[in-house]
Amino acid sequence: MTKPIILRGYQYSVYNRIARVTLHEKGVAYETEEIDPFQTEVPEGFLRRHPFGRVPVLSHGDFDIYETTAICRYIESAFDGPRILPTEEKALARVAQVVSIVDSYGYRPMVRQVFAHRVFRPSVGEVGNEVEIAEGLKASVPVLGALNTLASEGYVLSGGAITLADCHLAPMVAYFVQAAEGANALKSHSALADWWSSLSQRQAILETDPGLPSDQA
Ligand SMILES: N[C@@H](CCC(=O)N[C@@H](CS)C(=O)NCC(=O)O)C(=O)O
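**Q** Where do I start with the site of the ligand in this structure?
**A** In the neighbourhood of the ligand, the contacting residues comprise Ser13, Val14, Tyr15, Pro37, Phe38, Arg54, Val55, Glu67, Thr68, Tyr107 and Arg112. The separation between an oxygen atom of the ligand and a polar side-chain atom of Arg54 is 2.9 Å. In this structure, an oxygen atom belonging to the ligand sits 2.7 Å away from a side-chain N or O atom of Thr68. Computed on the free molecule, the ligand has an accessible area of 520 Å², of which 84% lies beneath the protein chains in the complex. For the shell around the ligand, the secondary-structure elements that each account for two or more residues are helix H1 (14-26) and helix H4 (89-123). A class-by-class count of the residues in the shell around the ligand yields 6 nonpolar, 2 polar and 3 charged.

The structure is reproduced here in structure tokens:
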């Protein structure tokens, strides 16, 4: 009997979407369980699966995995489907670099500061903080610059086969460009802007678009 595959996460989480994009690119069917980690009380049972109370967690039968990079690498090796990790060593190194840049330097300014304060909070009736937006934009510029350099070089993010670099970066850029300031900042990084203009039309990206809470009102 095939073991159930359940992605436990929050529909608006970029990390949850990274796992979803990866599952879609691999053509793996899965169920979802909605867990909002920003609630004051994360369900006790969920903390047993993720001791840090974040999302997502992927459950394959009784095997639980947390940390998105580990989840995506598991999806790559446990299931058939197109390869999303290159075998060539330089391309593989660039994939790891993009993932690490996004996690270490991109997520907070691009998502938690620019997108959250300019787009998400207003969509739930809250007022965004302009200082957070300005700081986030400033900190996003070197991140876009570094990613643009890697996209220009050609190993990743440049129109070749889809890799985990695309899956990891796409949800962050999808949110960032919903802020006018974010869209503007991307425009001046032409290799990265070209990458996004093409990738944003891919089925895996379109199918996993969570929209905004206000879309459901
Ligand atoms: N290192 C974690 C990061 C996951 C993460 O930060 N997820 C966010 C949602 S996008 C979260 O659960 N935040 C809850 C919180 O910060 O309390 C991973 O790679 O999975």
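Picking up where we left off.
**Q** Please clarify how the nonpolar core should be interpreted in this entry.
**A** Soluble, globular proteins show a tendency: their nonpolar side chains are buried together. With 56 residues, the main nonpolar core has Val98, Leu157, Leu169, Leu192 and Trp196 as its most contacted residues. Residue assignment for this core shows that the elements contributing at least two residues are H1, H4, helix H5 (130-153), helix H6 (164-176), helix H7 (180-187), helix H8 (190-199) and helix H9 (203-207). If one sorts the elements of this core by residue count, H4 sits on top with 11 residues. When residues are assigned to domains, this core turns out to be shared by domain 1 (5-78) and domain 2 (89-207), each giving three or more.

**Q** Looking at this structure, how should I read the side chain of Arg20?
**A** With respect to the helices, strands and loops of the structure, Arg20 is situated in helix H1. Despite its burial, Arg20 pairs with no opposite charge; the closest candidate is Glu207, at 7.2 Å N-O. Setting aside residues up to four positions removed in sequence, Arg20 forms contacts with Leu7, Tyr30, Glu207 and Thr208.

**Q** I keep staring at the pattern of salt bridges and nothing clicks. Help me out?
**A** A side chain of one charge can pair with a side chain of the opposite charge when the charged atoms of the two come close. Enumeration according to the criterion identifies 8 salt bridges in this entry. Salt-bridge contacts for Glu25 lead to Arg202; the nearest nitrogen and oxygen are separated by 2.7 Å. Here the residue Glu25 occupies a position in helix H1, and Arg202 occupies one in the loop between H8 and H9, the gap between them amounting to 177 residues. Under the relative-accessibility criterion, Arg202 is labelled partly exposed at 34%. With a shortest N-O distance of 2.6 Å, Glu181 and Arg118 are connected by a salt bridge. On the criterion of sequence distance, the pair formed by Glu181 in helix H7 and Arg118 in helix H4 is long-range, its members being 63 residues apart. Since its relative accessible area comes to 23%, Glu181 is described here as partly exposed. The class of Arg118 is partly exposed, set by a relative accessible area of 27%. Three or more residues are tied together by salt bridges with common partners; here these are Lys26, Glu76 and Arg83.

**Q** Where do I start with a positive patch on the surface in this structure?
**A** A cluster of basic residues, Arg54, Arg108, Arg112 and Arg121, forms a positive patch on the protein surface. With respect to the helices, strands and loops of the structure, Arg108 is situated in helix H4. The exposed category is assigned to Arg108, whose relative accessible area is 51%.

**Q** What should I look at first to understand the packing of aromatic side chains in this one?
**A** Each aromatic ring pair is specified by the distance between its two centres and by the angle formed by the two planes. Tallied over the entire structure, the rule returns 10 aromatic pairs. The interplanar angle of 50° and the centroid separation of 6.2 Å between the aromatic rings of Phe115 and Phe120 together place this pair among those described as tilted. The exposure class of Phe115 is buried, given its relative accessible area of 3%. Aromatic side chains Trp195 and Trp196 sit 5.7 Å apart centroid to centroid with 45° between the ring planes, which places their arrangement in the tilted category. Its relative accessible area of 10% is what places Trp196 among the buried residues. Three or more aromatic residues link up through ring pairs in this structure, and these residues are Tyr10, Tyr12, Phe38, Phe115, Phe120 and Tyr175.

**Q** Even after reading the chapter, I still don't get the pairing of strand E3 (residues 57-60), so can you show me in this structure?
**A** In summary, the side chains of a regular strand alternate between the two faces of the sheet. Neither face of E3 is exposed, since Val57 and Ser59 on one face and Leu58 and His60 on the opposite face are all buried. Alignment of strand E1 (residues 5-9) against E3, held across 4 bridges, turns out to be antiparallel. Counted as the bridge partner of Leu7 is Leu58 from E3. Judged from the 4 bridges that link them, E3 and strand E4 (residues 63-66) form a sheet pairing that is antiparallel. Note that in E4 the partner of His60 across the bridge is Phe63. Hairpin remark: E3 followed by E4, antiparallel, with 2 residues in the connecting loop; positive phi at Gly61, about 60°.

What counts and what doesn't
- Residues numbered from 1 in each chain as written.
- Predicted model: local features only at pLDDT ≥ 70, side-chain atom pairs only at ≥ 80, totals over all residues.
- Heavy atoms only, no water.
- Near = heavy atom within 4 Å.
- Polar contact = N/O pair within 3.5 Å; in protein donor to acceptor, adjacent residues only side chain to side chain.
- Areas by Shrake-Rupley, 256 points an atom, 1.4 Å probe, with all protein chains shown as cover.
- Helix = DSSP H or I, 4+ residues; strand = E, 2+ residues; numbered from the N terminus.
- Nonpolar A, V, L, I, M, F, W, Y, C, P; charged D, E, K, R; others polar.
- Core = buried A, V, L, I, M, F, W, Y, C linked by side-chain atoms within 4.5 Å.
- Buried < 20%, exposed > 50% of the residue type's maximum accessible area, 1.4 Å probe, protein only.
- Domains from an automatic or database assignment.
- Lys, Arg positive; Asp, Glu negative; His and termini not counted.
- Salt bridge = Lys/Arg side-chain N within 4 Å of Asp/Glu carboxyl O.
- Contact = heavy atoms within 4.5 Å.
- Patch = residues over 30% accessible without salt bridge, like charges linked within 9 Å, V, L, I, M, F, W, Y side chains within 5 Å.
- Charge placed at Lys NZ, Arg CZ, Asp CG, Glu CD.
- Phe/Tyr/Trp six-rings, centres within 6.5 Å; stacked < 30°, edge-to-face > 60°.
- Pairing = 2+ DSSP bridges.

These figures come from the coordinates and say nothing about function on their own.
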